[in-house]
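A closer look at the structure
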Amino acid sequence: MSTQATQVAQRSRLLAWLDERFGTGSVEEFIRHKTVPQHRHSLWYYFGGMTLFLFTIQVLTGILLLLYYRPTPNDAFESVQYIMTQVRFGWLIRSVHSWSANLMIFAVFVHMFSVFFLKAYRKPRELTWISGMLLLFIVLGFGFSGYLLPWNTLAFFATKVGTEMAGSIPFIGKWILIFLRGGEEVTGATLTRFFGFHVAVLPGLATVLLATHLLLVQHLGMSVPPGVERRIAEGKEPARSMPFFPTFLLHDLMGWYAALGVLGALAAIFPWELGTKADAFASAPAGIRPEWYFVFMFQTLKFLPPKILFLEGEFAGLLGFGLAAAVWIAVPFIDRRAGFGRVSRFFTGLGVFALGYIAVMSALAYWH
Amino acid sequence: MPNLDPAQTDSPARGRRWANLLLGGGVLASIGSFLYPALRYIIPPAVAESTSRSVIAAKAGELKPNTGKIFKFGSKPGILIRTREGGYKAFSAVCTHLNCTVQYRDDTRQIWCACHNGTYDLEGRNVSGPPPRPLEEFTVNVQGEDIVVARKA
Amino acid sequence: MKLCPTVVFAGHAECSTISVPSQSGVCYDHRRRIDDCRLTIDDWKRRVGKPRGPLNGPSTILNMPFFQSSIVNRQSSILLSGQWSGYHWPRTALPLLFTLLFAAAPGWTATKDSCATCHATLDGDLAQPAKAFDADIHHQAGLSCADCHGGNPNDDSMDAMSPARGFRGVPKRNQIPEFCARCHADENYIRGFNPKLRTDQLSQYVTSVHGKRLKQGDVKVATCIDCHSVHNIFAVADTRAPVYPTNVASTCARCHADSHTMEGYKIPTDQVAKYQKSVHAQVLAQGDTSAPTCTTCHGNHGATPPGLSSVANVCGTCHVFFAQLFDKSPHKAAFASMGLPGCVQCHSNHEIVHPVDDWVGVGEKAVCVNCHAQGDKGYVAAQTMSEDLAKLKDSYHRAEDVLNQAERSGMEVSSAKLELGDANEDLIKARVNVHAFRAEAVEKLTDQGVGISQKAEQAGVLALKERDARRKGLGLSLIFIVAAIAGLYLKVRDIESRPQS
């Protein structure tokens, strides 16, 4: 049709204009030829995009919240209360921000474990894995710092306990504690710091890492699991793929829309609670516990005896988690077998163990 | 897009039109339903923001010596008292007995709860009647024309 | 350590002019002073050993100008100059004097006490006082056995307990009040220990039922020691004391709940059991020591049940409002004419439980119908008051339910809840005003409370409407989202069905 032909012509004129100035032609070319492998594990490819989408929602709703939020101990709680009660749709923005944060952390974990089990970290994607792990820590940092910002009792004490743990590290623990809290105690100074981390430091780091992560993904393409690769090599399965644009992106969009629906429903039916304003002199409320994604660590520390060998129990626990995290990050370098495209049952077992451990510990914590 | 000619195959083309309509309409409407709350959110509400950590309880000169005043402190009432000597004192006005609102008695110069005749002295201590605990005391600062009451940090 | 100015005591030559350092900073009287004095001399002897020069025996010591000094503060200058009133100290005496002054000081409390030494070696009852006395407040204040029982605690022989030495022995039960009062009614003496301690216990006691009966020869009644115990007496503020507020009821119960002991007195033995069920006992158990116990209403040393006419006064000391309202109410005159006690008529005396609204009115649990019958004015008033209270409670709870429901659905209704608090306050005040026994007094408050409740309920209903509006908005938005997803799905299927170009 003529109108469509004009549209196409206009579109290419615009692209040409942009290409002249930005060199977008290569990008367009790249996107046109980008494909996503298609096999029985393809579903897991969507969780990276889902995380990215939820992160975008966080950025947008976070910016909106900044219009009214005030990060001082006198005003923080009141300003969130104001957002929840007085500002039109404030309840929606804040609830979506809180719910989306939780869904994002869930999506990040799913993404990370799927990559782990599908051995997508193996050569040459070591850096993708490392940048992803760092992003995971940053996301957890977002969660931890954001939790305190409404300055309610539960968050106040959870932060107190959380930062206290850092203090159990020998030699530098005290310093870390003071760095995190902005003093000996959780006070207004802590709130100011956490706000700074939450809206400036972490977003900055996240942007750089995210850019690296995405560039690496584009550069290296999606990893095909070794099992699938072998089957293709053995001729048991054809090597299928779908174009990234538009098919994969449209699939992505469907998932994102579904997520939006879920977020809206959660926000409207279960608006995020506000709790009561933090009072440093009140006694800690019963059953304080960190956000669910920290619960497995919290529960582990609870089970540890006060003294392990010559170490403080709590520090030993943290040391354990630190080492586990280090090993986890270094997995692409340790897991040689996967690097050569062979089966590495040990690391699959390790992943199952980690997943099981997190599940059991969390379940135990919520059981009581 | 060469395959968009409806004359070629009639029914898939109609289906495609439907799909495009559904997609375009759905996307537009849903974006509208996302933008509407966001735009409404950006417009600040008429009600000014208030804080409960500190509050302007009165204006200077509003209270004569030996009088008291109830003010809203967050979600609970507070009581501001101007003593006979002209100083200010502020407490939570929630009686520690059954949560009634206390008042200042200029005759006895005490804080008094009308529900069960509980009395507190001007330090907030429960001196007679059923109250089991003293009243929470707030700090009072005179800032220019404003008498600012704040929770003790 | 303060030094007491010299006090001269007649009849005790050794002690006549001595300055006694006292650790407690209190100048003891006569009885105490002798002991301190003896200690000084004994201690002196022991520490100095074989005295040289002029230091050779108590009489010499006491004749020394140093000990005759009446202004103690000058001692230091004596020591430094080594000279006093022209008397020349031998140089060797200087260190000795330091020894005396400083080393002897801690020895003051370690008074020799042959009573305790000897009784501790005895069996059973005779040993008990010596053992228990350590923690006793009297021992803590520096008193010894002899201060109550007389005798000479420095004498190791049985002579110590001869009446000639002032030994008073164990008082008979009917002598106990006077035995204790020897000191406790002596204002000057008591002031030396605790200026706030009262000295009217004996004069009160003789007016009490216990005191009167004791005078009549009934030695079963309580005397000082039955409540305060004997040799392990603690201060009233000491939680171990049987007279500490939380212990009073069980202390009284030791006799008053024992049907055997109370046999012949024609009074019930269930008061304490009933009291334990009362709201007063509950509050006391929760740690509010100002909550009433037996002695709060009955008095302690002058323990007597309050008379019929004074019941309202007794309750009114704490429940001021109720007493005032009752005094102005029609019940005041009516009760008096019928010889009925005030408050306890409805609230009972010992088993004062938390009142409930059902007591007001004409229902099954109502106390009003004990006197009022259908047709009289009081019956109508009771019915009206009960209905008004119910009306307010009903509208309050309705508002509360709506607000809670709104809160559970995530709506912010804290300001409406705050306002609803005023309705609760009106309910509390209305319950107080029941004691005016006039329906108007209650109605005024309940009407006000109902108005407040209705406003709060309105706010709750609005919040619920807002919640529904949110859900409708969500529904609409979800329709759009589903449409978009469906469109996407169809589009994807369309693209996938097309041959790859």
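Residues numbered from 1 in each chain as written. Chains lettered and ligands numbered in written order. Predicted model: local features only at pLDDT ≥ 70, side-chain atom pairs only at ≥ 80, totals over all residues.

1. Describing the overall build of chain A
Scanning chain A for helices and strands turns up 15 helices and 4 strands. Here chain A, with 368 residues, has 35% of them falling under the buried criterion. Taking the contacts inside chain A whose residues are at least 6 apart along the sequence as the reference set, 76% of them involve residues at least 24 apart. (Helix = DSSP H or I, 4+ residues; strand = E, 2+ residues; numbered from the N terminus. Buried ≥ 20, exposed ≤ 12 C-beta atoms within 10 Å, placed from the backbone. Contact = placed C-beta atoms within 7 Å.)

2. Observations concerning the overall build of chain C
When you go through chain C residue by residue, the secondary structure sums to 25 helices and 4 strands. Counting across all 501 residues of chain C, residues that qualify as buried make up 26%. Taking the contacts inside chain C whose residues are at least 6 apart along the sequence as the reference set, 54% of them involve residues at least 24 apart.

3. Looking at the environment of Phe326 of chain C
All names here are of chain C. Inspection of the secondary structure assignment puts Phe326 in helix α20 (residues 320-328). For the pair Phe326 and Asn433, spaced 107 residues apart in sequence, the C-alpha separation works out to 9.5 Å. With sequence-adjacent residues up to four places away left out, Phe326 is seen in contact with Ala312, His331, Lys332, Gly342 and His435.

4. Let's talk about the environment of Phe167 of chain C
Residue and element names in this part refer to chain C. With respect to the element layout, Phe167 can be found in the loop between α9 (145-149) and α10 (176-184). When the 16 C-beta atoms within 10 Å are taken as the criterion, Phe167 is described as partly exposed. Sequence separation of Phe167 and Gly151 is 16 residues, and the distance between their C-alpha atoms is 3.9 Å. Not counting residues up to four positions away in its chain, the partners in contact with Phe167 are His149, Gly150, Gly151, Met161 and Ser162.

5. Thoughts on the sheet that holds strand β7 (residues 118-120) of chain B
Residue and element names in this part refer to chain B. The 4 strands lie next to each other as β5-β6-β7-β8, forming an open sheet whose pairing is antiparallel. At either margin of the open sheet sits one strand with a lone partner, and together these are β5 (102-105) and β8 (126-128). Recorded for the sheet is a direction-independent mean angle of 40 degrees between the axes of neighbouring strands. Inspection of the sheet shows β5 paired to strand β6 (residues 110-113) by 4 bridges, in the antiparallel sense. Considered in β6, the bridge of Gln103 is made with Trp112. (Pairing = 2+ DSSP bridges. Axes fitted to C-alpha atoms, helices over the stretch in contact; angles between N-to-C directions.)

6. Concerning the interface of chain B and chain C
Each partner contributes residues to the interface: chain B has 22 residues there, and chain C has 24 residues. Ranked by residues supplied to the side of chain B that touches chain C, first place goes to helix α1 (residues 10-42) of chain B with 10 residues. Split into classes, the residues belonging to the side of chain B that touches chain C amount to 10 nonpolar, 10 polar and 2 charged. (Nonpolar A, V, L, I, M, F, W, Y, C, P; charged D, E, K, R; others polar.)

7. Section: the nonpolar core
Generally speaking, a soluble globular protein has its nonpolar side chains buried in company with each other. Counting residues in hydrophobic clusters, the biggest one holds 81 residues, and the most contacted among them are Leu54, Met104, Trp151, Ala155 and Tyr257 of chain A together with Ala484 and Leu488 of chain C. The biggest single contributor to this core is helix α5 (residues 90-117) of chain A, with 14 residues. Phe73 and Ile111 of chain B together with Val413 and Leu445 of chain C belong to the second largest nonpolar core, which has 66 residues in total. (Core = buried A, V, L, I, M, F, W, Y, C linked by C-beta atoms within 7 Å.)

8. Focus on the environment of Thr289 of chain C
Residue and element names in this part refer to chain C. Mapped onto the fold, Thr289 is located in the loop between α17 (279-285) and α18 (294-298). Expressed as a C-alpha distance, the spacing of Thr289 and Pro245, which sit 44 residues apart in the sequence, is 6.0 Å. Residues in contact with Thr289, not counting those within four places in the same chain, are Pro245, Thr246 and Leu284.

9. Details of the packing of helix α23 (residues 377-408) of chain C against helix α25 (residues 439-497) of chain C
Residues and elements named next belong to chain C. Where α23 contacts α25, the axes come no closer than 8 Å and their chain directions differ by 20 degrees. Taken together, the axes of α23 and α25 lie roughly parallel to each other. Seen from above, α23 lies across α25 with left-handed handedness. Each residue belonging to the contact of α23 with α25 can be placed in one class, and the counts come to 16 nonpolar, 8 polar and 6 charged. (Parallel < 35°, antiparallel > 145°, perpendicular 65-115°, else oblique. Left-handed = near helix turned anticlockwise from the far one by under 90°.)

10. Remarks on the confidence of the model for chain C
Residues and elements named next belong to chain C. Averaged over all residues, the pLDDT of chain C equals 77, while 77% of them reach at least 70. Least confident of the elements in chain C is strand β1 (residues 2-3), whose mean pLDDT is 34; most confident is helix α14 (residues 224-228), at 93. The low-confidence segment residues 1-110 (pLDDT under 50) makes 99 contacts with residues lying over four places distant or belonging to another chain. Two numbers describe this predicted complex: its pTM, 0.62, and its ipTM, 0.81. (pLDDT = per-residue confidence, 0-100.)

11. So, unusual backbone geometry
Following Lys123 of chain A, the chain continues into Pro124 of chain A via a peptide bond in cis, with omega recorded as 10 degrees. Residue Pro246 of chain A is bonded to the preceding Phe245 of chain A through a cis peptide linkage, with omega at 0 degrees. Take Pro246 of chain A: it is sitting in helix α11 (residues 244-269). Within the chain, Asn66 of chain B stands out as a residue other than glycine whose phi angle is a positive 65 degrees. Take Asn66 of chain B: it is sitting in the loop between β1 (54-59) and β2 (67-73). The phi torsion at Lys266 of chain C lies on the positive side, around 60 degrees, for a residue other than glycine.

12. Here's the deal with the sheet that holds strand β4 (residues 88-92) of chain B
Residue and element names in this part refer to chain B. Ordered in space as β1-β10-β9-β4-β3-β2, the 6 strands form an open sheet in which the pairing is antiparallel. Of all strands in the sheet, those bounded by a partner on one side alone are β1 and β2. Sheet twist, expressed as the mean angle between neighbouring strand axes with direction ignored, is 30 degrees. The sheet contact formed by β4 and strand β9 (residues 137-143) spans 2 bridges and is antiparallel. Bridge pairing in β9 links Phe91 to Glu137.

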